[in-house]
Amino acid sequence: MSMENVSSLKLMFFGAPGAGKGTQAEIAAKRYAIPTISTGAILREAVAAKTELGRLAAGYMESGALVPDDVIVGIVRDRLAKDDCKAGFILDGFPRTLAQAEAFDKTGIGLSLVIDIEVEDERIIERMSGRRVCSACGETYHTVYNPSVDNVHCTKCGAELICRRDDDPEVVKKRLSTYHSETEPLRAYYEGKGLLRVVHGQEKLEDTTALTVGVIEDYLAGRK
Ligand code: AMP
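Turning our eyes to something else, we now look at the packing of helix 6 (residues 121–128) against helix 7 (residues 169–183). Put simply, helix 6 and helix 7 touch, their axes get as near as 10 Å, and they point 140° apart. Relative to helix 7, the element helix 6 is oriented oblique. The crossing of helix 6 and helix 7 is right-handed. Residues Asp 121, Ile 124, Ile 125 and Met 128 of helix 6 form the contact with helix 7, whose own contacting residues are Val 172, Lys 173, Arg 175, Leu 176 and His 180. For the contact of helix 6 with helix 7, the class distribution of residues is five nonpolar, one polar and three charged.

Here you go:
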């Protein structure tokens with residue numbers, strides 16, 4: 001992995017599953033013309049394509065557990081080595097454990113900011129029950145907060161929307177408990193490094209976006 005290449009805006013979106021970090025990451029990626037690296041999306045693609053990685057990851061994902069650190073670190077390392085990451089990138093859903101954060105630190109790539117999107121568990125459980133994903137292109141929607149054209153088909157490509165298997169309420173509870181025990185300690189880790197910025201997730205998607213963009217713009221203004 002080439003360290004000096006990745007020198008621009010290097011963001012990580014942090015937060016519980018369903019807090020809206022993936023959606024905010026996509027919006028910021030478009031705005032700043034940098035790619036989003038979502039380990040969850042990469043793993044879901046591998047599961048769908050039934051690759052070796054997919055077969056390994058499926059069981060962990062369906063039960064709401066984390067995929068082993070060495071597998072994840074390998075995926076991210078390979079992805080960040082690609083040319084499109086030279087101008088910067090957004091990490092969505094990685095690192096998720098202290099071991100992953102330390103492995104990432106060892107690469108020397110570094111991060112500009114860690115944006116922590118905070119939403120209470122009760123609201124997350126309510127939100128995830130309305131989450132829908134396009135069966136073809138992977139675009140995500142919410143039946144109430146971010147509906148597609150008719151709540152049945154994807155606005156972008158017209159394919160049918162489906163519920164993610166791991167959005168089942170029992171699996172969501174397990175994913176939240178995994179988040180609190182394994183991922184939340186990273187907040188203190190990045191706070192200690194002076195990288196953490198907290199954004200309180202709002203009812204309306206665009207209000208959360210405004211807060212998120214504000215944090216990034218503050219950073220960019222300070223860097224000038
Ligand atoms: P996400 O879409 O980010 O919620 O990820 C879905 C699932 O993929 C998680 O519940 C984990 O099983 C797995 N996963 C995604 N990212 C990671 C990661 N950084 N470390 C371990 N497991 C991951």
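That shown, we press on.
Close contacts around the ligand come from 16 residues, with Thr 39, Arg 44, Ala 65, Gly 93 and Arg 175 the closest. Contact distances for the ligand include 2.8 Å between a nitrogen atom and a backbone N or O atom of Gly 93. Relative to its unbound accessible surface of 480 Å², the ligand loses 96% to contact with the protein. Looking at the shell around the ligand element by element, the count peaks at four residues for helix 2 (residues 39–48). Looking at side-chain class alone, the shell around the ligand contains seven nonpolar, four polar and five charged residues.

Strands sit in the order 6-5-7 across an open sheet of three strands; the sheet is antiparallel. The sheet is open, and its two borders are formed by strand 6 (140–142) and strand 7 (161–162), each paired with just one other strand. Where strand 5 (residues 131–134) meets strand 6, three bridges bridge the pair, whose relative direction is antiparallel. Paired with Arg 132 across the two strands is Tyr 141, which belongs to strand 6.

All right, on to helix 3 (residues 52–63) then. Of the positions making up helix 3, those classed as buried are Gly 54, Ala 57, Ala 58 and Met 61. The buried residues of helix 3 occupy an angular sector of 130° when the element is viewed end-on, so they sit on one face. For helix 3, the exposed residues lying more than 90 degrees away from the buried face are Glu 52 and Arg 55. Just past helix 3, the residue Gly 64 takes up positive phi, approximately 85°.

Rules behind the numbers
For every chain, the first residue of the written sequence is number 1, and numbering continues from 1 along that sequence. Confidence filtering applies because this is a predicted model: local features only for residues at pLDDT of at least 70, side-chain atom pairs given and counted only at 80 or more, and all residues used for totals across whole chains, interfaces and linings. As a rule here, side-chain values cover all heavy atoms of the structure and leave hydrogens and water aside. Structural elements are reduced to axes, namely lines fitted to C-alpha atoms, with helices fitted over the stretch in contact, and the angle between N-to-C directions of any two is expressed from 0 to 180 degrees. Numbering of helices and strands runs from the N terminus, with a helix taken as a DSSP run of H or I at least four residues long and a strand as a DSSP run of E at least two residues long. Oblique is the label for any angle not under 35 degrees, not over 145, and not in the 65 to 115 range, which are roughly parallel, roughly antiparallel and roughly perpendicular in turn. By convention, the crossing between two helices is left-handed when the near helix turns anticlockwise from the far helix through less than a right angle, and right-handed when the turn is clockwise. The contact criterion used is simple: two residues touch if any of their non-hydrogen atoms lie within 4.5 Å. Gly is put with the polar residues, along with every residue not named as nonpolar or charged; the nonpolar set is Ala, Val, Leu, Ile, Met, Phe, Trp, Tyr, Cys and Pro, and the charged set is Asp, Glu, Lys and Arg. By convention in this text, a residue qualifies as near a molecule or strand provided that one of its non-hydrogen atoms is within 4 Å of it. Whenever two N or O atoms come within 3.5 Å, that pair is a polar contact, provided that in protein one can donate a hydrogen and the other can accept it, and provided that, for residues adjacent in sequence, both atoms are side-chain atoms. Residue exposure ignores everything except the shown protein chains as possible cover, and the areas themselves are Shrake-Rupley values with a 1.4 Å probe. Two strands form a pair only when DSSP identifies at least two bridges running between them. Relative accessibility under 20% of the residue-type maximum defines a buried residue, over 50% an exposed one, and the middle range a partly exposed one, all with a 1.4 Å probe and only protein chains included. Taking the helix axis as origin, the arc is that swept by the directions to the C-beta atoms.

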